[in-house]
Amino acid sequence: MRRVLMAVLALSSVGLSGVLVAGCDDAGASPGAKTSTAPAAAAGGACQLLDFGMVNAKLGLNLSVAAGASQDNTFSCVLQASGASYPDLVLSVSSTTIGADVFGSMIQPKDATPVQGLGVAGYQMPTPPADKAGPGVEVGWLAGNKRIIELSLRFAPGTPDEQAAEAMPKVVELAKLIDLSSL
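Here the structure is a predicted model, which means the values were calculated and not measured. (Residues numbered from 1 in each chain as written. Predicted model: local features only at pLDDT ≥ 70, side-chain atom pairs only at ≥ 80, totals over all residues. Heavy atoms only, no water.)

Draft legend 1. Layout of the side chain of Asn 56. Checked against the element boundaries, Asn 56 lands in helix α1 (residues 52-59). Asn 56 sits in the buried class, given a relative accessible area of 16%. Reaching out from Asn 56, the side chain makes a polar contact with the backbone nitrogen of Leu 63 at a distance of 2.8 Å. If sequence neighbours within four positions are ignored, Asn 56 has contacts with Leu 61, Asn 62 and Leu 63. (Helix = DSSP H or I, 4+ residues; strand = E, 2+ residues; numbered from the N terminus. Buried < 20%, exposed > 50% of the residue type's maximum accessible area, 1.4 Å probe, protein only. Polar contact = N/O pair within 3.5 Å; in protein donor to acceptor, adjacent residues only side chain to side chain. Contact = heavy atoms within 4.5 Å.)

Okay, here's the thing in structure tokens:
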């Protein structure tokens, strides 16, 4: 079975762009193969800001596989459950020189809701089902150390929108923990 994890952070309006593409190939795995017990941080990239125990405790999930990458000034991480494409948690971190005013007018989506107490400026918003993915949530913020950070959680196709809505405050709380760890 071939699974591809992809997260794209395109911030062309301020000249920032980054892409994470990581693949996992289980074709040669034996049925009795053991799951890796490596910490998420071992995957590199933005995974260095995540811990499976912390993420799973906050979100009530069982994520155990991490893929990290970096390109230019963007570091990314995708966490998934072993053997499943969804749910997945994607974290992207890019350095920047912009301030809160530019973040609010050019980066934050127009239909997003502000989040108080998250970085210099933060937002949250639901994400509708798309392609082969179910509904999800997105939380983004401008950290005090001049980084644009985006955290998104996507559920499997067919997941009720209500389940994603219930996850929103949990993802916001996780974002606040990540923000503290990035200072």
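Draft legend 2. Just the nonpolar core, in detail. Leu 79, Leu 89, Leu 91, Trp 141 and Leu 151 are the most contacted members of the largest nonpolar core, which totals 32 residues. Those elements that provide at least two residues to this core are α1, β4 (74-80), β5 (88-95), β8 (136-143), β9 (147-154) and α3 (161-181). No other element matches α3, which puts eight residues into this core. In this view, Leu 89 contacts Val 55, Leu 59, Leu 63, Cys 77, Val 78, Leu 79, Leu 151, Ser 152, Leu 153 and Leu 174; residues no more than four positions away in its chain are not counted. One finds Ile 98, Phe 103, Ala 112 and Met 125 within the second-largest nonpolar core, a separate group that totals nine residues. (Core = buried A, V, L, I, M, F, W, Y, C linked by side-chain atoms within 4.5 Å.)

Draft legend 3. Region of the structure containing the side chain of Thr 127. With respect to the secondary-structure elements, Thr 127 resides in strand β7 (residues 121-127). Polar side-chain contacts of Thr 127 include one of 3.5 Å to the backbone nitrogen of Val 137. Beyond its immediate chain neighbours, meaning those up to four positions away, Thr 127 contacts Pro 135, Gly 136, Val 137, Glu 138 and Arg 154.

Draft legend 4. Geometry of unusual backbone geometry. Cis geometry marks the peptide bond from Tyr 86 to Pro 87; its omega dihedral reads 0°. Relative to the elements of secondary structure, Pro 87 occurs in the loop between β4 and β5. For Asp 131, which is not a glycine, the phi torsion comes out positive at approximately 45°. By secondary structure assignment, the location of Asp 131 is in the loop between β7 and β8. Given the relative accessible area of 83%, Asp 131 is considered exposed. With a phi close to 60°, Lys 146 is a non-glycine residue in the positive phi region. Positionally, Lys 146 belongs in the loop between β8 and β9. Of the residues examined, Lys 146 reaches a relative accessible area of 38% and is grouped as partly exposed.

Draft legend 5. Seen up close, the pairing of β7. The buried fraction of β7 is high, at five of seven residues. Across two bridges, the pairing between strand β6 (residues 113-114) and β7 is antiparallel. Among the inter-strand pairings, Thr 113 is bridged to a residue of β7, identified as Gln 124. Connecting β6 to the antiparallel partner β7 that follows it, the hairpin turn spans six residues, and Gly 117 within it adopts a positive phi of roughly 80°. Relative to β8, β7 runs antiparallel, the two sharing seven bridges. Note on β8: the bridge partner recorded for Pro 126 is Val 137. (Pairing = 2+ DSSP bridges.)

Draft legend 6. Just the environment of Ala 121, in detail. With respect to the helices, strands and loops of the structure, Ala 121 is situated in strand β7. Here Ala 121 falls in the buried class, since its relative accessible area comes to 18%. Beyond its immediate chain neighbours, meaning those up to four positions away, Ala 121 contacts Ala 100, Phe 103, Gly 140, Trp 141 and Leu 142.

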